[in-house]
Every structure is written in C-alpha cells, then in structure tokens.
Amino acid sequence: NAGVTQTPKFRILKIGQSMTLQCTQDMNHNYMYWYRQDPGMGLKLIYYSVGAGITDKGEVPNGYNVSRSTTEDFPLRLELAAPSQTSVYFCASSYGPTAMGGYTFGSGTRLTVV
Amino acid sequence: AQSVTQPDIHITVSEGASLELRCNYSYGATPYLFWYVQSPGQGLQLLLKYFSGDTLVQGIKGFEAEFKRSQSSFNLRKPSVHWSDAAEYFCAVVPVNQAGTALIFGKGTTLSVSS
C-alpha cells in the first residue's frame, strides 16, 4: 500500500548539473503528474502523462523533460540545473482525467540548486 | 482569465474557534472543486471534493465545504479548530470539458492555530 513514492527526498545540485527525480506508483493509475511548489505560489504543473508512452507539457515545462515507459514510473529529468529550479517537486497520480477519486501525491523532493 | 483564487494568505484562529477559508474560481463552466491540506514537510492530502449534487460537502477530519454557484465560491469550514489543523490549505479545480487538463491550484492559505 505504498501509493506514490518519490526519491530522493532531498538533493543539492550545482548549477549546470543534471539529475533525475524518480516517481513510482503502485495503484495502476494511468494519469501521472509533476508539480513544483514555490512559497506563496501554490503548485504549478510541469508535465503530465495520460498513459505509458504519452506525455504532455504543463504550465512550466522549460528546463525539464519526462518519459513514461511503464504505467508505474514517471521520472522527471533536469538538464543543466539553474537556481530558478530550486523548489519542492511533487509527483501525483490519478485514475482518470477528472480526478474524481482525487490525486494521490508523493511526499515530495526538496531540490536546491547552488 | 481562468483562475482559482484564495484571498487569504495567512489566517490565525484560536483553538476551538470556527474556521472558514475562502476559495473563488473564474471559469465558464463550474469546474470540479477540491480542497487539499499540506502539513509541514508533507505531501498533499485530499480533504473533500465537489462534482455535482448537494452543495454542502463533508470531508475528512471534520471539514466541510459549501459550493455557491452564484458567488463562484467553494469555501472550506470547520466548526471547531484543533491545534493539529495548523497547515497549508489549497483549493484546486479541474476545468470541465477541456482536453489535457489537470488540477489547478490556488496559491494556498496558511492556517495557524493559537492556544
């Protein structure tokens, strides 16, 4: 009964480095999402996926990439990290597009770029 | 422009007092409406949701919310606040009849509880 699992929980990157934030869900949800949370700004959608092999951009996709090779996994890739990418990142999943069952969120990854 | 607004950035309530957190939305058609809570250092937990029907919705932890179409609002209430309710609360919507949509969040309201 793990739900949505994100790793790592914390990470410090240097400017220009790259990394992958991992997200795995065990609920067989087709829909998965990546959000970033900045103080006072709520959560903003980076990318989402409606199923394996299908991804699309959200509101703030620049500087990020995603892939969805399996139903369970939805990794977020940061290339050439910048200080503006310092944020808390949340992965979420849902059974359907209208989220009638609500989204299930991971516990987040706190990323600092220095 | 389409948006979801939480007018109050920070609210302080005495323990045992009642609580109302405001949420307004601006969409052509009534979106699906949600309230989430985030405790410090944690992920988000769904409190309640509204899609249609009875405009007073009951959620977990003693919370309820009332949908008012005329005011485009979906305010969250609790009759008696406990210290453990201190957290950040997010109103969120999913627009209807729009392809490729996901939860859109307000900026959040931080609730502090004083003793």
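This is a predicted model, so every value here is computed, not measured.

S.K.: Kindly report on the overall build of chain B, identifying the contributing residues and their values.
M.R.: Within chain B, the secondary structure is distributed over 0 helices and 12 strands. Reading the helices (α) and strands (β) of chain B from amino to carboxyl end gives β-β-β-β-β-β-β-β-β-β-β-β. For 115 residues, the compact-globule estimate of 2.2 N^0.38 gives 13 Å, and the C-alpha radius of gyration of chain B, at 14 Å, lies within 12% of that figure. Considering only C-alpha atoms, chain B reaches an extent of 45 × 30 × 20 Å along its principal axes. Counting over 115 residues, chain B shows a buried share of 45%. Counting only contacts in chain B whose residues sit at least 6 apart along the sequence, the fraction spanning at least 24 positions is 55%. Carbon and sulfur atoms form 47% of the exposed surface of chain B, whose accessible area is close to 5,400 Å². Where the 8 positive side-chain charges of chain B centre and where its 8 negative ones centre are 6 Å apart.

S.K.: Go over the interface of chain B and chain A with me, naming the residues and quoting the values.
M.R.: Residue-level contacts link 21 residues of chain B with 20 residues of chain A. Interface area lost by chain B to chain A is led by Leu44, Phe105 and Lys107 of chain B, which between them contribute 28%. Across the chain B-chain A interface, the total number found is 0 salt bridges. Taken together, the connections running from chain B to chain A amount to 4 residue pairs in polar contact (both at pLDDT 80 or more). Only β5 (32-38), β6 (44-50) and β10 (87-94) of chain B provide two or more residues apiece to the side of chain B that touches chain A. Ranked by residue count, the leading element in the side of chain B that touches chain A is β5 of chain B, at 4 residues.

S.K.: Describe unusual backbone geometry, naming the residues involved and giving the relevant values.
M.R.: Residue Pro8 of chain A follows Thr7 of chain A across a cis peptide bond; omega there is -10 degrees. Its place among the elements puts Pro8 of chain A in the loop between β1 (4-7) and β2 (10-13). In this model, Asn28 of chain A sits at a positive phi of 60 degrees, which is unusual for a non-glycine residue. Tracing the chain through its elements places Asn28 of chain A in the loop between β3 (19-25) and β4 (31-37). For Ser72 of chain B, which is not glycine, the phi torsion reads 50 degrees and is therefore positive. Its location among the elements puts Ser72 of chain B in the loop between β8 (64-68) and β9 (73-78). On the accessibility criterion, Ser72 of chain B (25% relative accessible area) is partly exposed.

S.K.: Now, about the pairing of strand β11 (residues 109-113) of chain A: what can you tell me, with residues and values included?
M.R.: Residues and elements named next belong to chain A. The alternating pattern of β11 places Thr109, Leu111 and Val113 on a buried face and Arg110 and Thr112 on a face that is not buried. The pairing of β2 with β11 spans 4 bridges and is parallel. Residue Arg11 lies in a different strand from β11, and its bridge partner there is Leu111. In this structure, strand β9 (residues 87-94) lies alongside β11, joined through 3 bridges in antiparallel fashion. Pairing of Val88 across the sheet is with Arg110, part of β11.

S.K.: Report on the sheet that holds strand β7 (residues 64-66) of chain A, specifying residues and quantitative values.
M.R.: All names here are of chain A. Pairing in this open sheet of 4 strands is antiparallel, and the strands run β1-β3-β8-β7 from one edge to the other. Looking at which strands have only one partner, the edges of the open sheet turn out to be β1 and β7. The mean inter-strand angle of the sheet, taken between neighbouring strand axes irrespective of direction, is 20 degrees.

Reading the values: the criteria
Residues numbered from 1 in each chain as written. Chains lettered and ligands numbered in written order. Predicted model: local features only at pLDDT ≥ 70, side-chain atom pairs only at ≥ 80, totals over all residues. Heavy atoms only, no water. Helix = DSSP H or I, 4+ residues; strand = E, 2+ residues; numbered from the N terminus. Rg over C-alpha atoms; globule rule 2.2 N^0.38 Å. Buried < 20%, exposed > 50% of the residue type's maximum accessible area, 1.4 Å probe, protein only. Contact = heavy atoms within 4.5 Å. Areas by Shrake-Rupley, 256 points an atom, 1.4 Å probe, with all protein chains shown as cover. Lys, Arg positive; Asp, Glu negative; His and termini not counted. Charge placed at Lys NZ, Arg CZ, Asp CG, Glu CD. Buried area = accessible area lost by both parts, 1.4 Å probe. Salt bridge = Lys/Arg side-chain N within 4 Å of Asp/Glu carboxyl O. Polar contact = N/O pair within 3.5 Å; in protein donor to acceptor, adjacent residues only side chain to side chain. Pairing = 2+ DSSP bridges. Axes fitted to C-alpha atoms, helices over the stretch in contact; angles between N-to-C directions.

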